[in-house]
Amino acid sequence: MDAVNQPLLDVRDLSVAFGDTLAVDRVSFSIKRGKCVALVGESGSGKSVSALSVLRLLPYPSASHPSGQIHFRGRELLTASESEMREIRGNDISIIFQEPMTSLNPLHTVEAQIGEILSLHSGISGQMARARTLELLTQVGIPDPETRLKSYPHQLSGGQRQRVMIAMALANEPDLLIADEPTTALDVTVQAQILALLAEIRSRLGMSMLFITHDLGIVRRIADVVCVMNSGKIVEQGPVEQVFTAPKHAYTRALLAAEPKPDPAPPRPNEPVVMSADNLKVWFPIKRGLLRSTVGHIKAVDGVSIAVRKGETLGVVGESGSGKTTLGLALLRLISSDGPIVFLGNNIQGLRFKAMLPHRRDMQIVFQDPFGALSPRMSVGDIVAEGLSVHQKSLSYEEREARVVKALTDVGLDPATRFRYPHEFSGGQRQRISIARAVVLEPNFVVLDEPTSALDMLFQAQMVDLLRELQRKRDLTYMFISHDLRVVASLASHLIVMRHGKVVEEGPAAELFKNPKSDYTRALFAAAFRIEAVPADPSPT
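Residues numbered from 1 in each chain as written. Predicted model: local features only at pLDDT ≥ 70, side-chain atom pairs only at ≥ 80, totals over all residues. Heavy atoms only, no water.

Q: Describe the sheet that holds strand E18 (residues 445-449), listing the residues and the values that go with them.
A: Across the sheet, which stays open at both edges, the 6 strands sit in the order E17-E18-E19-E14-E20-E21 with mixed pairing between neighbours. Taken across any chain shown, the strands that pair with only one partner, and hence form the sheet edges, are strand E17 (363-366) and strand E21 (502-508). The average angle at which neighbouring strand axes cross in this sheet is 15°, direction not considered. Where strand E14 (residues 313-317) lies against strand E19 (residues 477-481), 4 bridges are found, and the strand directions are parallel. (Pairing = 2+ DSSP bridges. Helix = DSSP H or I, 4+ residues; strand = E, 2+ residues; numbered from the N terminus. Axes fitted to C-alpha atoms, helices over the stretch in contact; angles between N-to-C directions.)

Listed below in structure tokens is the structure:
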């Protein structure tokens with residue numbers, strides 16, 4: 001085969017085992033130069049494990065490859081030396097990891113981390129590295145990039161951390177980019193920008209891409225070929241339009257048919273208010289100089305007033321960094337804020353630890369990052385049961401176990417897995433564990449911070465149905481934070497749209513989706529529901 005038609009990456013009969021468990025079973029696919037191949041399938045189907053095998057980055061000591069070959073430019077990677085792999089990683093093949101918070105170094109600034117990539121692989125340093133870093137941050141949509149150079153990962157929103165990861169992966173203009181859920185944490189407007197950016201880079205550089213996602217809408221827009229994975233096997237693959245319009249396998253048909261059905265809880269104007277805030281503010285000081293004097297503030301939440309009634313779902317939408325998550329954390333008194341916060345008729349603003357403890361059982365949160373939110377030293381069963389041990393000490397061991405088993409079953413996990421640890425689960429499975437931990441206490445108010453962002457389409461629809469069922473059975477009140485407006489539309493009865501820490505528009509969700517009044521809301525909805533397809537790039541001749 002001539003060099004032009006030879007695949008850039010050729011994976012043949014790849015199997016991956018963790019001890020005696022086969023996670024990937026004889027998977028084969030190839031990627032031509034300038035083309036994008038998408039791996040789709042439910043959580044735990046083997047998508048990420050297959051991709052990590054390309055760079056030999058499987059993080060488990062028990063991992064092995066019982067069969068298979070991986071050729072990059074005709075060179076076998078599974079038998080390459082570690083020094084050869086170091087030359088390839090980050091230079092010829094780059095990767096965007098699924099979880100930016102655990103992939104970025106918490107002790108280094110954004111500038112240092114991107115600069116390290118440029119120095120190691122391109123020999124660029126000093127002012128040239130700084131200029132290139134600013135260029136990359138601008139390309140991936142980081143606002144005011146100069147002020148973000150000295151930021152640490154914890155000072156960025158989830159979406160901003162993901163953009164930094166994308167900038168690092170693109171720094172040396174690799175021949176192959178492995179993108180593991182690269183737009184999961186991004187709002188729809190930035191998601192469109194990133195997809196357009198990746199398409200432009202592919203076209204300009206002839207870059208190939210292995211794209212892992214559970215979002216079939218993205219697959220249709222960006223991929224040339226799609227491989228559908230289920231239980232470690234590729235059950236169907238082919239050109240995107242062919243697979244989407246005439247799927248042959250039953251699992252592919254089920255995946256394409258899965259979509260959350262709009263059925264939000266109706267507004268309940270006569271019900272008591274469960275959670276409210278009046279002119280709530282969360283300002284973070286900007287300190288500079290030798291004496292660390294305060295020279296200004298980042299107004300993450302700036303004068304927000306809300307009221308959520310019993311049994312309702314308040315949807316909170318907006319771009320990354322708009323203050324959505326900060327608002328949720330402030331309402332739960334997990335960060336400091338100014339302004340009254342009233343929960344179940346009690347003003348909880350300013351309460352000390354002991355005074356807050358009785359309220360903690362009734363207010364829970366599902367965090368955005370499913371890995372960072374789970375202790376790596378605790379089994380899944382202990383993680384889910386921890387709240388019961390604190391808030392319901394009278395329960396016997398058997399009663400706690402029964403509650404844990406039911407919670408895990410409710411979120412679609414096998415209760416037998418409760419003796420395993422978080423690192424043994426996929427990103428989507430870890431999110432299910434986080435949801436089980438929140439609902440096991442049967443709270444009154446739950447903040448759901450991107451609870452479905454790491455889930456595949458099938459389980460996303462199931463999770464929406466589950467959240468709806470739990471709400472109706474237990475009369476739960478939700479604050480649902482998300483950038484996925486389709487999911488928000490299926491759950492929220494009331495909606496607020498945030499930008500730069502302020503509420504730019506609010507009202508009944510159905511009315512707001514039908515007739516948004518502000519320009520920003522219209523742009524946000526247009527990006528989510530009427531986003532134009534990203535053009536496929538031509539193959540290099």
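Still more to cover.
Q: Which residues make up the confidence of the model for the protein, and what are the values?
A: On average, the protein scores 87 in pLDDT, and the residues at 70 or more come to 96%. At the level of individual helices and strands, the protein shows its lowest average pLDDT in helix H3 (residues 100-103), which scores 74, and its highest in strand E15 (residues 341-343), which scores 97. For residues 530-541, every residue scores under 50 in pLDDT, and the model assigns this stretch 21 contacts once sequence neighbours within four places are set aside. (pLDDT = per-residue confidence, 0-100. Contact = heavy atoms within 4.5 Å.)

Q: So what's going on with the pattern of salt bridges? Which residues, and what values?
A: In this structure the tally under the stated criterion is 23 salt bridges. In this structure, the salt-bridge partner of Arg204 is Glu200, at a minimum N-O distance of 2.9 Å. Note that Arg204 and Glu200 are positioned in helix H8 (residues 188-205) at a spacing of 4 residues, about one turn of the helix. Arg204 gets classed as partly exposed once you look at its relative accessible area, which sits at 43%. Residue class for Glu200 comes out partly exposed when judged on its relative accessible area of 37%. The salt bridge partner of Glu469 is Lys473, with a shortest N-O separation of 2.9 Å. Highlighted residues: Glu469 and Lys473, both in helix H17 (residues 457-474), separated by 4 residues, approximately one helical turn. Counted as one network, the salt bridges with shared partners bring together Arg132, Glu135, Glu173, Glu200 and Arg204. (Salt bridge = Lys/Arg side-chain N within 4 Å of Asp/Glu carboxyl O. Buried < 20%, exposed > 50% of the residue type's maximum accessible area, 1.4 Å probe, protein only.)

Q: Kindly report on the domain arrangement of the protein, identifying the contributing residues and their values.
A: For the protein, the domain assignment lists domain 1 (9-258), domain 2 (268-288 + 296-362 + 445-540) and domain 3 (371-442). On a C-alpha basis, the centres of domain 1 and domain 2 stand 29 Å from each other. (Domains from an automatic or database assignment.)

Q: I'd love a proper account of helix H1 (residues 47-54), names of residues and values included.
A: Most of H1 is tucked away: 7 of the 8 residues are buried. Backbone geometry just after H1 places Arg56 at a positive phi near 55°.

Q: Give me the lowdown on the environment of Asn346, citing residues and values where you can.
A: Within the secondary structure, Asn346 is located in strand E16 (residues 346-347). Asn346 sits 13 residues away from His359 along the chain, and the two C-alpha atoms are 9.7 Å apart. Beyond its immediate chain neighbours, meaning those up to four positions away, Asn346 contacts Ile341 and His359.

Q: Now, about the packing of helix H14 (residues 380-391) against helix H16 (residues 427-439): what can you tell me, with residues and values included?
A: One way to put it is that H14 packs onto H16 with a least axis distance of 7 Å and a crossing angle of 30°. As far as their axial angle goes, H16 and H14 are roughly parallel. Crossing of H14 against H16: the hand is right-handed. Only Ile433, Ala436 and Arg437 of H16 make contact with H14, whose side of the interface consists of Val380, Ile383 and Val384. (Parallel < 35°, antiparallel > 145°, perpendicular 65-115°, else oblique. Left-handed = near helix turned anticlockwise from the far one by under 90°.)

Q: A description of the packing of aromatic side chains should follow, citing residues and the corresponding values.
A: Applying the stated criterion to the full structure yields 2 aromatic pairs. Judged by centre distance (6.4 Å) and plane angle (55°), the ring pair of Phe343 and Phe445 falls under tilted. Here Phe445 lies in strand E18 and Phe343 lies in strand E15, a separation of 102 residues in the sequence. Each member of the pair, Phe343 together with Phe445, is buried. (Phe/Tyr/Trp six-rings, centres within 6.5 Å; stacked < 30°, edge-to-face > 60°.)

Q: Explain a nonpolar patch on the surface to me, using residue names and the numbers behind them.
A: On the surface, Phe353, Leu357 and Val390 cluster together into a nonpolar patch covering about 300 Å² of accessible area. Among the secondary structure elements, Phe353 is positioned in helix H13 (residues 353-360). Judged by relative accessible area, which is 66%, Phe353 ranks as exposed. (Patch = residues over 30% accessible without salt bridge, like charges linked within 9 Å, V, L, I, M, F, W, Y side chains within 5 Å. Areas by Shrake-Rupley, 256 points an atom, 1.4 Å probe, with all protein chains shown as cover.)

Q: Which residues make up the pairing of E18, and what values do they have?
A: For E18, the tally of buried residues reaches 5 of 5 residues, placing the bulk of the element in the interior. Covered by surrounding structure in E18 are Phe445, Val447 and Asp449 together with Val446 and Leu448, the residues of both alternating faces. With 4 bridges joining them, E17 and E18 adopt parallel strand pairing. By the bridge assignment for E18, Gln364 is matched with Val446.

Q: Lay out helix H15 (residues 397-410) in plain terms, naming residues and giving numbers.
A: Counted at 1.5 Å a residue, the expected span for H15 with its 14 residues is 20 Å, and the 20 Å between its end C-alpha atoms agrees. Buried positions along H15 lie against H14 and H16. In the segment just after H15, Gly412 is the residue with positive phi, at about 85°. (Expected span 1.5 Å × (residues − 1).)

Q: Could you give an account of the sheet that holds E16, naming the residues involved and the relevant values?
A: The 4 strands lie next to each other as E13-E12-E15-E16, forming an open sheet whose pairing is antiparallel. Each edge of the open sheet carries a strand with a single partner, namely strand E13 (293-309) and E16. In the packing of helix H12 (residues 324-331) onto the sheet, the strands contacted are strand E12 (273-288), E13 and E15, and the crossing angle to E12 comes to about 115°.

Q: I'd like a description of the state of the cysteines, backed by residues and values.
A: Under the criterion given, the structure shown has 0 disulfides. Looking at Cys36, it has no disulfide partner, and the nearest cysteine sulfur is the one in Cys227, 10 Å off. Owing to a relative accessible area of 0%, Cys36 belongs among the buried residues under this scheme. (Disulfide = S-S within 2.5 Å.)

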